[in-house]
Amino acid sequence: MKRKARSALLPGGNPVAKKVLSSAAPKADANGKAQQDGSASRGALVADIIIANAPDPVFVSDLEGKILQANDAVSELLGFRKDEVVEQSLSRFISPEETQEFTAALREVVERGVTRDAVLNPRSAAGEVIPTTLNASALRDADGKVIGAIGILRDMRELDKARAFAQRLIDDAPDPVFVSDLEGKIIQANDAVSQLLGFRQDEVVEQSLSRFISPEETREFMAALDEVVERGVTRNAVLNPRSAAGEVIPTSLNASALRDADGKVIGAIGILRDMRELDKARAYAQRLIDDAPDPVFVSDLEGKILQANEAVSQLLGFRQDEVVEQSLSRFISPEETREFTAALREVVERGVTRNAVLNPRSAAGEVIPTSLNASALRDADGKVIGAIGVLRDMRELDKARAYAQRLIDDAPDPVFVSDLEGKIIQANEAVSGLLGFRQDEVVEQSLSRFISPEETREFTAALREVVEHGVTRNARLNPRSASGEVIPTTLNASALRDSDGKVIGAIGILRDMRAYEEVVRDLEQSKTELQEKILDLEKFEEVVVGRELKMIALEKELENLERENEKLKAARASA
């Protein structure tokens with residue numbers, strides 16, 4: 001309704017102007033007396049109704065600027081009653097300078113029938129200066145002569161606030177921001193533009209963007225402006241402006257539409273992003289990929305290979321141009337293509353995927369077992385746009401695993417592999433021979449099924465030692481066999497590591513201690529028997545030695561007696 005009322009008052013042969021002209025210039029009779037027919041009265045009534053009910057402030061003035069008519073919206077805008085406005089000169093409400101500009105606008109109305117976006121700043125009854133714009137069309141008499149103007153004011157206070165806010169946003173933006181018209185002339189630019197290019201703002205504003213970019217990029221910028229007009233926005237346009245020092249600066253441009261009050265696109269608000277650091281980072285990433293010893297490729301989210309290093313070519317036997325721009329599905333099976341697509345989804349959700357299995361077919365037809373670790377490839381806004389994949393050739397590792405498998409299977413001692421929770425992942429025949437369980441009754445079982453709770457805790461402690469030191473020795477385990485026998489064993493275990501060297505379990509070797517313990521028991525028994533014999537010998541020795549001592553004592557007594565006897569004999573002889 002607002003647009004219809006406004007359009008009725010704008011220039012271009014509108015009916016309101018013609019009807020107002022009828023009331024403003026009454027017809028004369030033969031005696032020169034003024035007369036007014038019914039159609040003129042009706043026209044004047046219609047014009048009065050439209051002006052009175054217009055939502056915008058509308059007034060009618062003569063060519064000297066005297067206000068002949070004004071609606072309620074004018075009173076609401078200025079705070080004066082209508083009788084304080086009508087029959088007053090517009091110069092009462094605006095400055096002398098603006099009065100001259102309004103007089104010039106009236107001349108434009110006389111010459112062209114219309115004037116647009118003249119600036120008026122009337123002072124309200126409260127003394128407030130109110131920024132407005134004036135659109136005016138000609139008021140004509142019955143002969144088509146311009147006798148005044150029909151003016152529509154637009155209160156610009158809210159718009160000025162919005163513009164000031166937008167101005168602050170542009171000025172305070174950390175990125176280089178500029179405003180251009182649809183011909184590419186720069187209307188506004190913030191300090192960040194000056195810092196980027198090395199030109200003062202007055203050397204940038206009012207200049208054509210073509211001054212700073214090449215003719216080819218100027219054409220691309222004009223195409224970007226066309227996209228802004230059609231879609232309201234353009235993204236990631238490439239611009240390479242030349243700075244004051246002559247340096248070509250790689251930038252990307254995101255631009256949105258600049259619209260007038262009626263929503264018409266009149267230019268573009270452009271944000272430049274300095275790509276020098278990003279280009280350095282990309283070049284560095286490129287060198288990392290090219291120089292990586294492992295096969296590295298970059299794919300989009302549909303699995304198309306965007307980039308691949310020489311190691312990929314060496315792995316698969318294809319030239320780089322036979323790999324790049326190809327779908328990964330060309331090299332792997334349909335099932336693995338689905339798995340790779342699932343891995344890409346995981347990359348989007350979590351930023352990474354690890355140890356996905358891929359078996360690409362080489363140029364020679366060989367199926368090559370590989371594992372894939374992939375991380376997210378992101379755009380400048382952090383959005384995941386693809387994946388950076390690192391392949392690991394698993395052929396040698398698979399050979400090593402097969403060799404290790406044979407070593408375990410062929411080992412004479414009971415050998416098993418467990419994870420860090422104590423679940424048995426693998427066990428050889430010697431384990432079955434020791435415990436009397438089939439392999440399928442051992443594998444995937446927890447070791448706690450075969451040993452006591454106390455020994456389970458000791459085994460868990462041994463696993464911790466394996467993680468910390470890489471090995472544990474002579475841990476005691478007494479597993480119970482299928483027949484219920486408790487079998488004494490000792491455990492030596494070493495670390496089981498993944499391809500990154502992380503400990504993921506333990507390789508354990510059991511030693512059956514039954515024969516050893518039987519020997520120990522025999523030795524203990526022999527020791528006991530020997531000790532008993534030693535005691536007997538000691539007792540015998542004690543008896544024998546006692547007898548010898550007694551014989552020695554008796555011999556001494558005999559000797560003494562013999563000496564005494566000799567003495568007695570000698571004494572008798574001398575007597």
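Chemist: Kindly report on the pattern of salt bridges, identifying the contributing residues and their values.
Modeler: Inspection of every chain in the model, using the stated rule, returns 24 salt bridges. Residue E227 is joined to R231 by a salt bridge in which the shortest nitrogen-to-oxygen separation is 3.4 Å. Taken together, the residues E227 and R231, both in helix α9 (residues 215-231) and four residues apart, mark about one turn of the helix. According to the relative accessible area criterion, E227 is partly exposed, its value standing at 27%. Judged by relative accessible area, which is 64%, R231 ranks as exposed. Among the ionic pairs, R350 bridges to E346, the shortest N-O distance being 3.5 Å. Pair noted here: R350 and E346 are both in helix α13 (residues 334-350), with a separation of four residues, about one helical turn.

Chemist: An account of unusual backbone geometry is requested, with residue identities and associated values reported.
Modeler: Positive phi, close to 70°, is recorded for E87, a residue that is not glycine. Here E87 shows up in the loop between α4 (72-78) and α5 (96-112). With a relative accessible area of 48%, E87 lands in the partly exposed category.

Chemist: With reference to specific residues and values, describe the side chain of T489.
Modeler: Take T489: it is sitting in strand β21 (residues 489-497). Reaching out from T489, the side chain makes a polar contact with the backbone oxygen of L477 at a distance of 2.8 Å. Other than its neighbours up to four places away in sequence, T489 contacts L434, A475, R476, L477, N478, P479, L510, R511, D512 and M513.

Chemist: Describe α5, with residues and values.
Modeler: Helical geometry note: an α-helix holds 3.6 residues per turn, so side chains three or four residues apart project in the same direction. Given a rise of 1.5 Å per residue, 17 residues ought to cover 24 Å, and the 24 Å separating the end C-alpha atoms of α5 matches this to within 8%. Within α5 the residues assigned to the buried category are E98, F102, A105, L106 and V109. Here the buried residues of α5 occupy an arc of 105° about the axis, which is enough to place them on one side. What points out from α5, more than 90 degrees from its buried face, is the exposed set P96, E97, Q100 and E111. In the stretch just after α5, G113 is the one whose phi turns positive, near 90°.

Chemist: Describe the sheet that holds strand β5 (residues 114-120), with residues and values.
Modeler: Pairing is antiparallel in the open sheet, where five strands are placed in the order β4-β3-β7-β6-β5. Looking at the sheet topology across the chains shown, the edges are occupied by β4 (67-70) and β5. Recorded for the sheet is a direction-independent mean angle of 25° between the axes of neighbouring strands. Note that β5 and strand β6 (residues 132-140) share five bridges and pair antiparallel. Each bridged residue has a counterpart across the sheet, and for L120 the counterpart in β6 is T132. Where α5 meets the sheet, it contacts β3 (58-62), β5, β6 and β7 (146-155), and its direction lies at approximately 170° from that of β5.

Chemist: Requested: an account of the sheet that holds strand β15 (residues 352-358), with residues and values cited.
Modeler: Overall, antiparallel pairing links the five strands, which are arranged β14-β13-β17-β16-β15 in an open sheet. At either margin of the open sheet sits one strand with a lone partner, and together these are β14 (305-308) and β15. Strand-to-strand, the axes of this sheet are offset by a mean angle of 25°, without reference to chain direction. In this structure, strand β13 (residues 296-300) lies alongside strand β17 (residues 384-393), joined through five bridges in antiparallel fashion. Across the sheet, the residue bridging to D300 is G386, located in β17.

Chemist: Explain a nonpolar patch on the surface to me, and be specific about the residues and the numbers.
Modeler: A contiguous nonpolar surface patch, about 250 Å² in accessible area, is contributed by V545, L549 and I552. Of the residues examined, L549 reaches a relative accessible area of 54% and is grouped as exposed.

Chemist: Go over the pairing of strand β12 (residues 265-274) with me, naming the residues and quoting the values.
Modeler: Here strand β8 (residues 177-181) pairs with β12 via five bridges, running antiparallel. Directly across from S180, in β12, lies its bridge partner A268. Taken together, the nine bridges between strand β11 (residues 251-259) and β12 define a ladder with antiparallel strand orientation. Counted as the bridge partner of A255 is G270 from β12. As consecutive antiparallel partners, β11 and β12 are separated by five residues, and within that stretch G263 has a phi angle of approximately 85°, a positive value.

Chemist: Would you mind going over the packing of aromatic side chains in detail, with residue names and values included?
Modeler: Taken as a whole, this structure holds seven aromatic pairs when the rule is applied. Measuring from ring centre to ring centre gives 5.3 Å for F199 and F212, while their planes differ by 65°; the resulting arrangement is edge-to-face. With F199 in the loop between α7 (191-197) and α8 (201-204) and F212 in the loop between α8 and α9, this residue pair connects regions lying 13 residues apart in the sequence. Seen from their ring centres, F318 and F331 are 5.3 Å apart, and the 65° between their planes marks the pair as edge-to-face. Of this pair, F318 sits in the loop between α11 (310-316) and α12 (320-323) while F331 is found in the loop between α12 and α13, placing the two residues 13 residues apart along the sequence.

Chemist: I'd love a proper account of a negative patch on the surface, names of residues and values included.
Modeler: Residues E555, E559, E562 and E566 make up a contiguous surface patch of negative charge. Given a relative accessible area of 52%, E562 falls into the exposed group.

Chemist: Residues and numbers for the confidence of the model for the protein chain, please.
Modeler: Put simply, the protein chain has an average pLDDT of 84, and 89% of its residues get 70 or more. Here residues 1-36 scores under 50 on pLDDT; set against residues more than four positions off or in separate chains, the count is 60 contacts.

Chemist: Break down the environment of A192 for me, citing the residues and quoting the values.
Modeler: Along the chain, A192 falls in helix α7. Judged by relative accessible area, which is 11%, A192 ranks as buried. Taking the C-alpha atoms as reference, A192 lies 6.0 Å from D175; in sequence the two are 17 residues apart. Ignoring anything within four residues of it in the chain, the contact list for A192 reads A173, P174, D175 and P176.

Chemist: Summarise the side chain of T370; cite the residues concerned and give the values.
Modeler: Take T370: it is sitting in strand β16 (residues 370-378). A residue is classified by how much of its surface remains accessible, and T370, at 2% relative accessible area, is buried. Beyond its immediate chain neighbours, meaning those up to four positions away, T370 contacts L315, A356, V357, L358, N359, P360, L391, R392, D393 and M394.

Analysis parameters
Residues numbered from 1 in each chain as written. Predicted model: local features only at pLDDT ≥ 70, side-chain atom pairs only at ≥ 80, totals over all residues. Heavy atoms only, no water. Salt bridge = Lys/Arg side-chain N within 4 Å of Asp/Glu carboxyl O. Helix = DSSP H or I, 4+ residues; strand = E, 2+ residues; numbered from the N terminus. Buried < 20%, exposed > 50% of the residue type's maximum accessible area, 1.4 Å probe, protein only. Polar contact = N/O pair within 3.5 Å; in protein donor to acceptor, adjacent residues only side chain to side chain. Contact = heavy atoms within 4.5 Å. Expected span 1.5 Å × (residues − 1). Arc of directions from axis to C-beta. Pairing = 2+ DSSP bridges. Axes fitted to C-alpha atoms, helices over the stretch in contact; angles between N-to-C directions. Patch = residues over 30% accessible without salt bridge, like charges linked within 9 Å, V, L, I, M, F, W, Y side chains within 5 Å. Areas by Shrake-Rupley, 256 points an atom, 1.4 Å probe, with all protein chains shown as cover. Phe/Tyr/Trp six-rings, centres within 6.5 Å; stacked < 30°, edge-to-face > 60°. Lys, Arg positive; Asp, Glu negative; His and termini not counted. Charge placed at Lys NZ, Arg CZ, Asp CG, Glu CD. pLDDT = per-residue confidence, 0-100.

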